Amino acid sequence: MSDFPILDGKRLLLVISGGIAAYKSLVLIRRLREQGAAVRVILTEAGARFVTPLSVAALSEDKVYQELFSLTDESEMGHIRLSRAADLVVVAPATADLLAKMAAGLADDLASTALLATDKPVLVAPAMNGAMWEHPATQTNIGILTGRGVRRIGPNAGELACGETGTGRMAEPEEILAAIAAFFDDVALGSGPLPLSGRRALVTSGPTVEPIDPVRYITNRSSGRQGHAIARALARLGAQTILVSGPTAEPDPPGVQMIRIETAMQMLAACQGSLPADIAVCAAAVADWRVKGVAGQKLKKDKDGTPLLELVENPDILATLSRPGSTRPALVVGFAAETQHILEHASSKLARKGCDWIVANDVGTGTATFGGDRNTVHILRATPGGEASVEDWPELSKVSVGERLAVAIAEHFAAAGPRP
Ligand code: CTP
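Residues numbered from 1 in each chain as written. Predicted model: local features only at pLDDT ≥ 70, side-chain atom pairs only at ≥ 80, totals over all residues. Heavy atoms only, no water.

(A) Highlighting the sheet that holds strand E9 (residues 200-205). Taken together, the 8 strands give an open sheet; going across it, the order is E13-E12-E9-E14-E17-E18-E20-E21, and neighbouring strands pair in mixed fashion. Of all the strands in the sheet, just strand E13 (257-260) and strand E21 (389-392) have a single pairing partner and so form its edges. Taking each pair of neighbouring strands and ignoring which way they run, the sheet shows an average axis angle of 15 degrees. Bridge count for strand E20 (residues 377-381) against E21 is 4 bridges, and the pairing is antiparallel. What sits directly across from Arg381, in E21, is Ser389. (Pairing = 2+ DSSP bridges. Helix = DSSP H or I, 4+ residues; strand = E, 2+ residues; numbered from the N terminus. Axes fitted to C-alpha atoms, helices over the stretch in contact; angles between N-to-C directions.)

(B) Examining the packing of aromatic side chains more closely. Using the criterion set out here, one finds 1 aromatic pair in the structure. Each ring, one from Phe183 and one from Phe184, has its centre 4.9 Å from the other, and the planes form 75 degrees; the classification is edge-to-face. One Lys or Arg, Lys63, reaches over the ring of Tyr65 and ends 5.1 Å from the middle of that ring. Of note, Arg404 hangs over the ring of Trp393, and the distance from its end group to the ring centre comes to 4.7 Å. (Phe/Tyr/Trp six-rings, centres within 6.5 Å; stacked < 30°, edge-to-face > 60°. Lys NZ or Arg CZ within 6 Å of the ring centre and 35° of its normal.)

(C) Focus on the sheet that holds strand E3 (residues 64-65). With respect to topology, 6 strands assemble into an open sheet ordered E3-E2-E1-E4-E5-E6, the strand pairing being parallel. Only two strands of the sheet have a single partner each, and these edge strands are E3 and strand E6 (151-152). Relative to E6, strand E5 (residues 122-126) runs parallel, the two sharing 2 bridges. Paired with Val124 across the bridge in E6 is Arg152. Lying over the sheet, helix H2 (residues 53-60) contacts strand E1 (11-16), strand E2 (38-43) and E3, oriented at roughly 165 degrees with respect to E2. (Contact = heavy atoms within 4.5 Å.)

(D) Inspection of the packing of helix H5 (residues 96-104) against helix H8 (residues 136-147) at higher detail. Closest axis-to-axis distance for the H5/H8 pair is 9 Å, and the angle between their directions is 50 degrees. Regarding the angle of H5 to H8, the classification is oblique. H8 is crossed by H5, and the crossing has left-handed handedness. Seen from H5, the contacting residues are Ala96, Leu99, Ala100, Met102 and Ala103; seen from H8, they are Thr138, Asn141, Ile142, Ile144 and Leu145. A per-class count over the contact of H5 with H8 returns 8 nonpolar, 2 polar and no charged. (Parallel < 35°, antiparallel > 145°, perpendicular 65-115°, else oblique. Left-handed = near helix turned anticlockwise from the far one by under 90°. Nonpolar A, V, L, I, M, F, W, Y, C, P; charged D, E, K, R; others polar.)

(E) Molecular detail of the pattern of salt bridges. Applying the stated rule across the entire model yields 27 salt bridges. For the salt bridge of Lys101 with Asp108, the shortest nitrogen-to-oxygen distance reads 3.0 Å. Take Asp108: its relative accessible area is 53%, and that puts it in the exposed class. The closest approach of N and O atoms between Arg381 and Glu391, which form a salt bridge, is 2.9 Å. Placement of the pair is Arg381 in strand E20 and Glu391 in strand E21, with a sequence separation of 10 residues. Owing to a relative accessible area of 33%, Glu391 belongs among the partly exposed residues under this scheme. Beyond isolated ion pairs, a larger network of salt bridges with shared partners links Arg151, Asp185, Asp186, Arg232, Arg236 and Glu403. (Salt bridge = Lys/Arg side-chain N within 4 Å of Asp/Glu carboxyl O. Buried < 20%, exposed > 50% of the residue type's maximum accessible area, 1.4 Å probe, protein only.)

(F) Quick look at the site of the ligand. Surrounding the ligand, one finds 15 residues, the nearest of these being Cys282, Ala284, Leu318, Phe335 and Lys353. The backbone of Pro315 places a nitrogen or oxygen atom 2.9 Å from a nitrogen atom of the ligand. Within the contact set of the ligand, an oxygen atom lies 3.3 Å away from a backbone nitrogen or oxygen of Ala337. Expressed as a share of its isolated accessible area of 570 Å², the protein-covered part of the ligand is 76%. With respect to the pocket detection grid, the ligand is positioned in the largest pocket. Elements with a minimum of two residues in the shell around the ligand: helix H13 (317-322), strand E17 (331-338) and helix H14 (342-353). In the shell around the ligand, the residues fall into 9 nonpolar, 1 polar and 5 charged. (Near = heavy atom within 4 Å. Polar contact = N/O pair within 3.5 Å; in protein donor to acceptor, adjacent residues only side chain to side chain. Areas by Shrake-Rupley, 256 points an atom, 1.4 Å probe, with all protein chains shown as cover. 1 Å grid on protein atoms, 1.4 Å probe; cavity = no way out; pocket = protein on both sides within 12 Å on 5 of 7 lines; lining within 4 Å. Sits in = over half its atoms within 2 Å of the grid points.)

(G) Molecular detail of the domain arrangement of the protein chain. You can read the domains of the protein chain as domain 1 (5-189) and domain 2 (200-416). Taking only C-alpha atoms into account, the centre of domain 1 sits 36 Å from that of domain 2. On the domain 2 side, the residues contacting the 8 residues of domain 1 number 6 residues. Of all residues in domain 1, Pro5, Asp185 and Leu189 bury the most surface against domain 2, accounting for 53% of the area lost on that side. The interface formed by domain 1 and domain 2 holds 3 salt bridges in total. The salt bridge partner of Arg236 is Asp185, with a shortest N-O separation of 3.5 Å. Counting every contact that joins domain 1 to domain 2 gives 3 residue pairs in polar contact (both at pLDDT 80 or more). The residue makeup of the side of domain 1 that touches domain 2, split by class, is 5 nonpolar, no polar and 3 charged. (Domains from an automatic or database assignment. Buried area = accessible area lost by both parts, 1.4 Å probe.)

Here it is, written out as structure tokens:
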């Protein structure tokens, strides 16, 4: 789970309409509250059949608004004021019915009235049966709403509550959270040219998976959280970003081109195929070795006995990208995961791999960096004199490390002057 410092203090109006996915909105409320956002909820009549007002009130720590003509609601806060006392209105789940009402401008209950009356940006997270989503009526409604500037996250493809498979699953709470944060990032960045626009960035993330036979493999505990956060942050600053990633549970960062791979050899090929790039950040935990002579059939205990695995070293992707040549990115950044003598090991890694910067982190026992949410890093920069300069960053969430690194990269390019 990621942290989004930008959400601290933001005010959200969340409309929960009637779909089975409404339970996910309870998780969304909790996650938003954890980030320091205030969440006020309008629960439709159908929504209240899926989640109770009591759960919503407890999680949002606020009153739940349900009735258009409730005297108490009107005396405490009119529906017009309710619709405007927010920085962003989020509709999750957004049913086909509510989307149709929004597109047509109907206002026959509190949710639709607030959505018609609001002067604030709106983000919808549609959720419905696949046939309903694909129906021309829904697609036309979505087109109308998009044309009016309504933002959308999802729906995703997969198994639906009705038992069918198709596109219609509401985006996961974590994806909606990221989309809300992306909206506020956009607002914070303003409409001027972004600092990394016109630059191409390549990021590696996650573990690699090295097969033993068709069903067994060797891998590591990398979550991909840090690499994904960096890709997201570079894209937010305007870089055209490609993320080459091993299997992870992380959502795809918005606005980033994904290349999914499994093995180190595939990661290398994908990286080389993505050049030229101005920036390369190698955050992946690439398996140092692969199995020599991967068995074509499943190894059998009775036939093969206890196998003795022979390993061969994988190519070093960071070192390969750092090699001088016409396609070498102008800035190559590597990571050094160390358990002791962090700066010493990281600076020798900087020299050995030939990259420009190393983000050194302590992954020793007790730090919970691997697989965790937080990271304490040191930025080592190669200098002409040979001695690396070191900058210590405080303990930050991986999202914040990604944002700060992207800003440092943008500053580096700004200092280097315009493109040749
Ligand atoms: N890396 C890579 N390809 C490899 C191995 C590592 O691109 N085959 C990159 C990682 O993405 C990271 C950096 O190299 O940016 C450092 O990885 P790390 O595992 O810490 O270092 P190693 O080179 O494996 O050195 P050691 O095992 O001695 O610590």
